[in-house]
Amino acid sequence: MYQELQSKATEEKPSFSQEEIQWLLEHLGDPSPEIRDDLVFTSLARGIQEELFTQEQFHFIAETISSNEGVEKEIDKIGLSTLERSFKALVYANLLSADANPQSIFYQRLKADIRYILLDQGLHYLLKEKDTTGFSSQYGWVHAVAHGADLLTEVVCHPDFPNDKVHEGLNILGQVFRRISIRFTDDEDWRLARVLYEPILQGKIEQEQVASWIKTLDFPIEEREDFYKFSNLRSCLLEVYIQLDQRNFLQDELKVAIQSFQY
């Protein structure tokens, strides 16, 4: 099966059998980065983004990946368990992105109960994920925090995510920065920044709302780990600043709030 799927990776418009999709889903957390990254996730993401899957296959992937606790499966375990959760989170993000895209054949095609699971688990995943490994010498990219950031971005940007719950997404982001006490070294802070600037660019969050949220943040420096937490968030906010400013989209209130964020 591996050889067959590998050969399809070079085809312009491959199609996939049910057995091949089942194999891909079963190897989503494969310990080999060549299988997990280069073949499995790439095939699933490409199939969704390039609309290579049928509607039935799209539904099958969504139902299968969200079953058996979804991204919350074995949430207290790390290692191989993290790999499965982390890459499930990325597939969740791709499913939600397609479901939200009017130009996709999968637009609004997630079943309501499945969409609810993806949005609800995606909103809370980073609060529960304890594995902060970026790159592993044993497994390659683990990147659960970065993938969780991608998922949270798609959740907050999704048209079915209620506007009155946007503040919950911001509060969760703040809790993530308060909880993680290592200094990010694999661009996790930049990926978390997308949770702020993508909804702004898409009109889902007002810049005044983000500015008000920043003003409520308090990161007192008492221990070395406190500085790491502050530094992670400052780097995140600087990325928001850069992304909005280079598009001439940054408003004064948010600009001042970011510039004023200090310990």
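Residues numbered from 1 in each chain as written. Predicted model: local features only at pLDDT ≥ 70, side-chain atom pairs only at ≥ 80, totals over all residues. Heavy atoms only, no water.

- With an unreviewed UniProt entry as reference, the chain is termed Aquaporin Z, source organism Streptococcus viridans.

Notes on the layout of surface pockets
(1) Moving on: In this structure, the largest pocket encloses a volume near 210 Å³.
(2) Moving on: What lines the largest pocket is a set of 14 residues, among which Gln49, Ala93, Asn94, Ser97 and Ala98 lie closest to the centre.
(3) Moving on: For the lining of the largest pocket, the elements supplying multiple residues, two or more each, are helix 3 (33-49), helix 5 (80-100) and helix 7 (144-157).
(4) Moving on: Looking at the lining of the largest pocket, its residues break down into five nonpolar, six polar and three charged. (1 Å grid on protein atoms, 1.4 Å probe; cavity = no way out; pocket = protein on both sides within 12 Å on 5 of 7 lines; lining within 4 Å. Points joined across faces, edges and corners; volume = space filled by probe spheres on them. Helix = DSSP H or I, 4+ residues; strand = E, 2+ residues; numbered from the N terminus. Nonpolar A, V, L, I, M, F, W, Y, C, P; charged D, E, K, R; others polar.)

Topic: the domain arrangement of the chain
(1) Moving on: Domains assigned within the chain are domain 1 (1-161) and domain 2 (174-262).
(2) Moving on: With 22 residues of domain 1 in contact, the opposing surface of domain 2 contributes 17 residues.
(3) Moving on: Here domain 1 and domain 2 share an interface that buries about 1,600 Å² over both sides, 60% of which is from carbon and sulfur atoms.
(4) Moving on: Across the domain 1-domain 2 interface, the total number found is nine residue pairs in polar contact (both at pLDDT 80 or more).
(5) Moving on: Listed by contribution, the elements that provide at least two residues to the side of domain 1 that touches domain 2 are helix 6 (112-128) and helix 7. (Domains from an automatic or database assignment. Contact = heavy atoms within 4.5 Å. Buried area = accessible area lost by both parts, 1.4 Å probe. Polar contact = N/O pair within 3.5 Å; in protein donor to acceptor, adjacent residues only side chain to side chain.)

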